[in-house]
Amino acid sequence: MTSRIVVTGGAIIRDHMGRVLLQKRSDYGDWGLPGGGMEPGERIEETMIREVKEETGLDVSSYKLASIYTGERMHYTYPDGNEVVFVMFLFDVIEDEQKESLQLIFKSVDEIDIATINNVQKPIFVDLKQGESKLLRE
């Protein structure tokens, strides 16, 4: 089966204490960062802003590109058997002030249990816990 490429924009939203906003998704029931797929004609920043609004209700006013994930770690097989490879653009966002989420919670990076994170985003949380900070990730 051939994998298709999916470009996504997501946000690492931190509160004033530096904790990361996690959402419990209604579709899979696991935890992760807000974000989703790019629509035709959209800039990647617009994708992230739209997805954060749809999934959390938060308006993003200030952000910067934090990292880009590509490569084998971004390969994912959906429960229906469809295979994709994500190209994931992540932005750092400072929380200013919640719809596709069952629950939203801020946690310090040390408190996050990687076993509860959705499979696609596990590499992100491994890197966050290890303090990885380079822009391009594989």
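In what follows, the structure referred to is the one given above.
Keep in mind that what you see is a predicted model, and the values were worked out from it rather than measured.

Visitor: So, the overall build of the protein: which residues are in play, and what are the values?
Guide: Assigned secondary structure in the protein consists of 2 helices and 9 strands. Helices and strands appear in the protein in the N-to-C order β-β-β-β-α-β-β-β-β-α-β. Residues counted as buried form 43% of the 138 residues belonging to the protein. Carbon together with sulfur atoms contributes 50% to the accessible area of the protein, which is approximately 7500 Å² in total.

Visitor: Pulling in residues and values, what's your account of the nonpolar core?
Guide: Side chains of nonpolar character tend, in soluble globular proteins, to be buried together. Grouped together as the largest cluster of nonpolar side chains are 20 residues, with contacts concentrated most on Leu 33, Phe 86, Met 88, Ile 124 and Phe 125. Listing elements by their share of this core, those giving two or more residues are β1 (4-14), β2 (20-25), β7 (83-94) and α2 (122-130). With 4 residues, the single largest contributor to this core is β7. If we skip the residues at most four places from it in the chain, Met 88 touches Thr 8, Ser 67, Ile 68, Tyr 69, Met 74, Val 120 and Ile 124.

Visitor: Please set out the environment of Tyr 63 residue by residue, giving values where relevant.
Guide: Here Tyr 63 lies in strand β5 (residues 63-69). For Tyr 63, a relative accessible area of 33% puts it in the partly exposed group. Separated by 50 residues in the primary sequence, Tyr 63 and Ile 13 have C-alpha atoms spaced 9.2 Å apart. Ignoring any residue separated from it by four or fewer positions in sequence, one finds Tyr 63 in contact with Glu 45, Met 48, Ile 49, Phe 91, Asp 92 and Val 93.

Visitor: An account of the side chain of Arg 50 is requested, with residue identities and associated values reported.
Guide: Inspection of the secondary structure puts Arg 50 in helix α1 (residues 44-56). Among all residues touching Arg 50, those that are not within four sequence positions of it are Gly 37, Met 38, Glu 39 and Glu 42.

Visitor: Which residues make up the pattern of salt bridges, and what values do they have?
Guide: Following the criterion strictly, the structure yields 9 salt bridges and no others. With a shortest N-O distance of 2.7 Å, Glu 42 and Arg 50 are connected by a salt bridge. Using a relative accessible area of 16% as the deciding quantity, one classes Glu 42 as buried. Through salt bridges with shared partners, a single network forms among Glu 39, Glu 42, Arg 50, Glu 51 and Glu 54.

Visitor: How would you summarise the side chain of Thr 8 if you had to cite specific residues and measurements?
Guide: Within the secondary structure layout, Thr 8 lies in strand β1. Given a relative accessible area of 9%, Thr 8 falls into the buried group.

Visitor: Would you mind going over the packing of aromatic side chains in detail, with residue names and values included?
Guide: If you walk through the whole model with that rule in mind, you get 3 aromatic pairs. A centroid spacing of 5.6 Å and a plane angle of 90 degrees characterise the contact between Tyr 63 and Phe 91, whose relative ring orientation is edge-to-face. Here Tyr 63 is found in strand β5, whereas its partner Phe 91 is found in strand β7, with 28 residues between them in sequence. Members of the aromatic cluster, joined through ring pairs, are Tyr 76, Tyr 78 and Phe 86.

Reading the values: the criteria
Residues numbered from 1 in each chain as written. Predicted model: local features only at pLDDT ≥ 70, side-chain atom pairs only at ≥ 80, totals over all residues. Heavy atoms only, no water. Helix = DSSP H or I, 4+ residues; strand = E, 2+ residues; numbered from the N terminus. Buried < 20%, exposed > 50% of the residue type's maximum accessible area, 1.4 Å probe, protein only. Areas by Shrake-Rupley, 256 points an atom, 1.4 Å probe, with all protein chains shown as cover. Core = buried A, V, L, I, M, F, W, Y, C linked by side-chain atoms within 4.5 Å. Contact = heavy atoms within 4.5 Å. Salt bridge = Lys/Arg side-chain N within 4 Å of Asp/Glu carboxyl O. Phe/Tyr/Trp six-rings, centres within 6.5 Å; stacked < 30°, edge-to-face > 60°.

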